[in-house]
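Tertiary structure, described
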Amino acid sequence: MKILFEQKKPGRTRQTIVPVEMEIAGKPANVGELIEAAVRRVVADFNDRASRAEADTEKDTGGMVLTTTDIADLAETGRIAFGIVYNGKQVDADEAVANALQGYDDGLFRIFLNGRLLGEADEAIELCEGDLLTVVRLTFLAGRMW
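Quick summary incoming for the structure in this document.

1. A short note on the pairing of strand 3 (residues 109-113)
Burial along strand 3 is one-sided: Phe109, Ile111 and Leu113 are buried, while Arg110 and Phe112, pointing the other way, are not. Here strand 3 runs beside strand 4 (residues 116-117); their pairing, made up of two bridges, is antiparallel. Looking across to strand 4, one finds that leucine 113 is bridged to arginine 116.

Spelled out as C-alpha cells, the structure:
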C-alpha cells in the first residue's frame, strides 16, 4: 500500500518538507500496526543504504561532489549531507519497532492521518491508498519542568 509520508519538526521558521511516497506492507488496522509498518520500511531502507555504503568504501569513487542543484535541494530540507552511513551497522527492526511504539505511548511524537490526530496505539484506523501521514516530533522547551 502506498501512502504519502510527511515529517514536520516544530521550531522551524519555514516548513519546506514535501510529502514523500512510501510503500508499506499490508493494510494496517490500527495505529500500532501503522507505526510498525512504517518503521520496518524505514529500517529496511536504512539497512540497504548501510550495506551499499560498505560496498562503496571498497571501491575508489574519486571523492563525492555535490552539485549546486544538489546543495540547493538539500538546503530546502534543512540539512546538507552526503547521505552516507559511516559505520555501516545494521539496525534491528524489532528493537526499532519497540522503541517507536514506546515513544508513541510516552507522547514523544503525534501522528496525523489526513489532518486528523490519531489516538491510542490500539485505535482502529481506515487507511486508504494515497493517504497523507504526518508525524510531529514533540520537544521539551528549555527551562524548569515544574
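2. Side note on unusual backbone geometry
For asparagine 114, which is not a glycine, the phi torsion comes out positive at approximately 55°. For asparagine 114, a relative accessible area of 46% corresponds to the partly exposed category.

3. Things to note about helix 3 (residues 93-105)
Between its first and last C-alpha atoms helix 3 spans 18 Å; for 13 residues at 1.5 Å apiece the expected length is 18 Å, and the two agree. Of the positions making up helix 3, those classed as buried are Ala93, Ala96, Val97, Ala100, Gly103 and Tyr104. Looking down the long axis of helix 3, one finds its buried residues gathered within 130° of arc, a one-sided arrangement.

4. Re a negative patch on the surface
On the surface, Asp105, Asp106, Glu120 and Asp122 cluster together into a patch of negative charge. Relative to the elements of secondary structure, glutamate 120 occurs in the loop between strand 4 and strand 5 (132-137). On the basis of relative accessible area, glutamate 120 is assigned to the exposed category, the value being 58%.

5. Thoughts on the nonpolar core
Membership of the largest hydrophobic core comes to 24 residues, with the highest contact counts inside it found for Ile3, Ile24, Leu34, Ile111 and Leu118. Every element with two or more residues in this core is listed here: helix 1 (31-58), helix 3, strand 3 and strand 5. Here this core gets seven residues from one element, more than from any other, and that element is helix 1. Among all residues touching leucine 34, those that are not within four sequence positions of it are Ile3, Ile24, Pro28, Leu118, Ile125, Leu127 and Leu133.

6. Things to note about the packing of aromatic side chains
One pass over the structure, following the stated rule, counts one aromatic pair. Where tyrosine 104 meets phenylalanine 109, the ring centres are 5.5 Å apart and the plane angle is 55°; that geometry is what we call tilted. Neither residue differs from the other here; tyrosine 104 and phenylalanine 109 are each classed as buried.

Criteria and thresholds
- Residues numbered from 1 in each chain as written.
- Predicted model: local features only at pLDDT ≥ 70, side-chain atom pairs only at ≥ 80, totals over all residues.
- Heavy atoms only, no water.
- Buried < 20%, exposed > 50% of the residue type's maximum accessible area, 1.4 Å probe, protein only.
- Helix = DSSP H or I, 4+ residues; strand = E, 2+ residues; numbered from the N terminus.
- Pairing = 2+ DSSP bridges.
- Expected span 1.5 Å × (residues − 1).
- Arc of directions from axis to C-beta.
- Patch = residues over 30% accessible without salt bridge, like charges linked within 9 Å, V, L, I, M, F, W, Y side chains within 5 Å.
- Areas by Shrake-Rupley, 256 points an atom, 1.4 Å probe, with all protein chains shown as cover.
- Salt bridge = Lys/Arg side-chain N within 4 Å of Asp/Glu carboxyl O.
- Lys, Arg positive; Asp, Glu negative; His and termini not counted.
- Charge placed at Lys NZ, Arg CZ, Asp CG, Glu CD.
- Core = buried A, V, L, I, M, F, W, Y, C linked by side-chain atoms within 4.5 Å.
- Contact = heavy atoms within 4.5 Å.
- Phe/Tyr/Trp six-rings, centres within 6.5 Å; stacked < 30°, edge-to-face > 60°.

Geometry only, nothing functional implied.
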